[in-house]
Protein chains: 2
Amino acid sequence: MTTTRPGPRERLLEAARDLTYTHGVHVGVDAILKQAEVARRSLYQHFGGKDGLIAALLRSYPGDARYRQVMDDAGDDPWQRILAVFDELEVVTQRPTFRGCRYTSADLALSDPEHPAHAEVRAFKDGLHELFTTELTRYGHPAPGFGANQLLVLIDGTLAHAVTRPDAHPALAARAMAELLLDASA
Amino acid sequence: MTTTRPGPRERLLEAARDLTYTHGVHVGVDAILKQAEVARRSLYQHFGGKDGLIAALLRSYPGDARYRQVMDDAGDDPWQRILAVFDELEVVTQRPTFRGCRYTSADLALSDPEHPAHAEVRAFKDGLHELFTTELTRYGHPAPGFGANQLLVLIDGTLAHAVTRPDAHPALAARAMAELLLDASA
DNA sequence: AGATGGATAGAACGATCGGTCTATATCGAG
DNA sequence: CTCGATATAGACCGATCGTTCTATCCATCT
């Protein structure tokens, strides 16, 4: 039994996911096409161009699904669910292949404010904000929207700082602040 | 009386500072040379190439001097001096020209781990860590090194998150956490 | 005056960029 | 089988990349 090979569209997204993470969004299309084993024309057929591929990549990536998974694995208690995110961040940021948050990277690397990727990044982080807002609401936080912004700062700060100083274990530093935050709003 | 025009080296650094911030480190050398009004050859004479210019840019930038200035303007009290940094971050991140932290951007954009810029970014953030460590020591923090890591996460998180969601006012969110942190370690 | 060194201007290098093109192959539906 | 859509392979486009080159200008020093 042989698993059927994914179509060119899926192969392009997969290759672009891989290469843009390790080399940044400025990887050449040639490299993506080669790794995906896809014809040049198919890229423009499916995504209209490199910009479209990058945007589609960010949209398709199961970004907040991963956060939800980590939370669900931690049970029902909001306190546990939120701190589990930072435990996971410690694991992620210590991996030798860790190269930062792909959304933040894309947002910083693309200087053109009209690039379609910006909308995807915004949508992703807005989704995360909503996710943590509902969690803090369940926790009984008096200002869940503000608290969610604080958690997002901790997450982005962890992912950004770990690129330069992984040995500082920013995830552990952030986790302690998340605890303070939850304690103070109990 | 006419102020003498700075030499080619200074003009190159100034132009590169400007253009790499607005367009990222992938700006072409042509654009830098044009804005600096400097001959092509001079760039390679002074910096050996584009990589050398980028690294020199990051080294020469008065990065932590600016943090020190903000602190000194806030007086002697460590509490005030630390929180003043976040007040300044709120101002900086709300500017329409704000484009994130140039050090984090450079670190993320340059995928080659051997690029000389990485060492400069590391040196800069290590310097900041030392700055906040001494401040927290003066404050009487029981674990000033760990606390400094926490403050750096807050700063990097503010600068990273404000690129995508400036309306969330991450600096204010971070400031509140910095207060919690200082309270908890008093 | 003559020599020297730094700066300028700009042609030119090969490589690579994103994107368009033609031509051929494959495959499922009618 | 034929048709039409979709995929592949690869040449080709103009533009730009970082870098090296020659040639000229000019201020300074002997």
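Refer to the structure printed above.
All values derive from a computational prediction rather than experimental measurement.

Draft legend 1. Highlighting the overall build of chain A. A tally of regular secondary structure across chain A gives 10 helices and zero strands. Reading chain A from its N terminus to its C terminus gives the helix and strand order α-α-α-α-α-α-α-α-α-α. With the C-alpha coordinates of chain A rotated into their principal frame, the extents come out at 55 × 35 × 35 Å. Looking at chain A as a whole, 41% of its 186 residues are labelled buried. Of the contacts made within chain A by residues no fewer than 6 positions apart, 61% connect residues no fewer than 24 positions apart.

Draft legend 2. Geometry of the environment of Ile82(A). Residue and element names in this part refer to chain A. Summarising the element assignment, Ile82 is placed in helix H6 (residues 78-94). The class for Ile82 is buried, based on 22 C-beta atoms found within 10 Å. Through-space distance from the C-alpha of Ile82 to that of Leu136 is 8.7 Å; in sequence the pair is 54 residues apart. Those residues in contact with Ile82, other than ones at most four positions away along the chain, are Glu135, Leu151, Ala178 and Leu182.

Draft legend 3. Layout of the environment of Ala174(B). Inspection of the secondary structure assignment puts Ala174(B) in helix H10 (residues 170-184). Residue Ala174(B) is classed as buried on the basis of its C-beta count, with 31 C-beta atoms lying within 10 Å. Separated by 85 residues in the primary sequence, Ala174(B) and Leu89(B) have C-alpha atoms spaced 9.5 Å apart. The contact partners of Ala174(B), leaving out residues within four places of it in the chain, are Val153(A), Phe86(B), Leu154(B), Gly157(B) and Thr158(B).

Draft legend 4. Examining the packing of helix H1 (residues 8-23) of chain A against helix H4 (residues 50-60) of chain A more closely. Residues and elements named next belong to chain A. Two elements in contact, H1 and H4, have axes separated by 10 Å at closest approach and are oriented at 90°. Judged by the inter-axis angle, H1 sits roughly perpendicular to H4. Where H1 abuts H4, its residues Leu12, Leu13, Ala16, Arg17 and Thr20 lie against Leu53, Ile54, Ala56, Leu57 and Ser60. Looking at the contact of H1 with H4 residue by residue, the classes come out as seven nonpolar, two polar and one charged.

Draft legend 5. Spatial organisation of the protein's contact with DNA strand D. In the region of DNA strand D, 17 residues are neighbours, and Ala39(A), Ser42(A), Gly28(B), Gly49(B) and Lys50(B) sit closest. Elements supplying a minimum of two residues to the surface near DNA strand D: helix H3 (40-47) of chain A together with helix H2 (29-36), helix H3 (40-47) and helix H4 (50-60) of chain B. In terms of residues, the surface near DNA strand D owes the most to one element, H3(A), which gives four residues. Its residues placed into classes, the surface near DNA strand D shows five nonpolar, five polar and seven charged.

Draft legend 6. Up close: the protein's contact with DNA strand C. Lining the immediate surroundings of DNA strand C are 17 residues, of which Gly28(A), Gly49(A), Lys50(A), Ala39(B) and Ser42(B) lie closest. Per-element tally for the surface near DNA strand C: the top contributor is H3(B), with four residues. When the residues that make up the surface near DNA strand C are grouped by side-chain class, the tally is five nonpolar, five polar and seven charged.

Draft legend 7. Region of the structure containing H4(B). Among the residues of H4(B), those classed as buried are Leu53(B), Ile54(B), Ala55(B), Ala56(B), Leu57(B) and Leu58(B). Contacts made by the buried residues of H4(B) are with helix H1 (8-23), H3, helix H7 (102-109) and helix H8 (116-139) of chain B.

Draft legend 8. Quick peek at the interface of chain B and chain A. Contact with chain B, which involves 37 residues of that partner, is made by 37 residues of chain A. At the level of secondary structure, the elements contributing two or more residues to the side of chain B that touches chain A comprise H1, H7, H8, helix H9 (144-164) and H10 of chain B. Across the side of chain B that touches chain A, the residue classes tally to 18 nonpolar, 14 polar and five charged.

Draft legend 9. Quick look at H10(B). Along its 15 residues, H10(B) runs 21 Å from first to last C-alpha, staying within 8% of the 21 Å computed at 1.5 Å per residue. Within the sequence span of H10(B), burial applies to Pro170(B), Ala171(B), Ala173(B), Ala174(B), Arg175(B), Ala176(B), Met177(B), Ala178(B) and Leu181(B). Buried positions along H10(B) lie against helix H9 (144-164) and helix H10 (170-184) of chain A together with helix H6 (78-94) and H9 of chain B.

What counts, and at which threshold
The numbering scheme is per chain: residues are counted from 1 as the chain's sequence reads. The naming scheme follows written order: chains are lettered A onward, ligands numbered 1 onward. Confidence filtering applies because this is a predicted model: local features only for residues at pLDDT of at least 70, side-chain atom pairs given and counted only at 80 or more, and all residues used for totals across whole chains, interfaces and linings. A run of DSSP states H or I qualifies as a helix once it reaches four residues; a run of E qualifies as a strand once it reaches two. Both are numbered from the N-terminal end. Labels follow a simple rule on C-beta atoms placed from the backbone: if 20 or more others lie within 10 Å of a residue's own, it is buried; if 12 or fewer, it is exposed; otherwise it is partly exposed. For the purpose of contact definition, each residue receives a C-beta atom placed from its backbone, and two residues are in contact when these atoms lie within 7 Å. Only C-alpha atoms enter the line fits that serve as axes; for helices the fit covers just the stretch in contact. Angles between N-to-C directions range over 0 to 180 degrees. Each angle receives one of four descriptions, namely roughly parallel if under 35 degrees, roughly antiparallel if over 145, roughly perpendicular if within 65 to 115, and oblique otherwise. Under the scheme applied, nonpolar residues are Ala, Val, Leu, Ile, Met, Phe, Trp, Tyr, Cys and Pro; charged residues are Asp, Glu, Lys and Arg; polar residues are all the others, including Gly. In this analysis a residue is considered near a molecule or strand if the C-beta atom, reconstructed from its backbone, is found within 6 Å of that molecule or strand. Between the first and last residue of a helix there are one fewer steps than residues, each counted as 1.5 Å, and that sum is the expected span.

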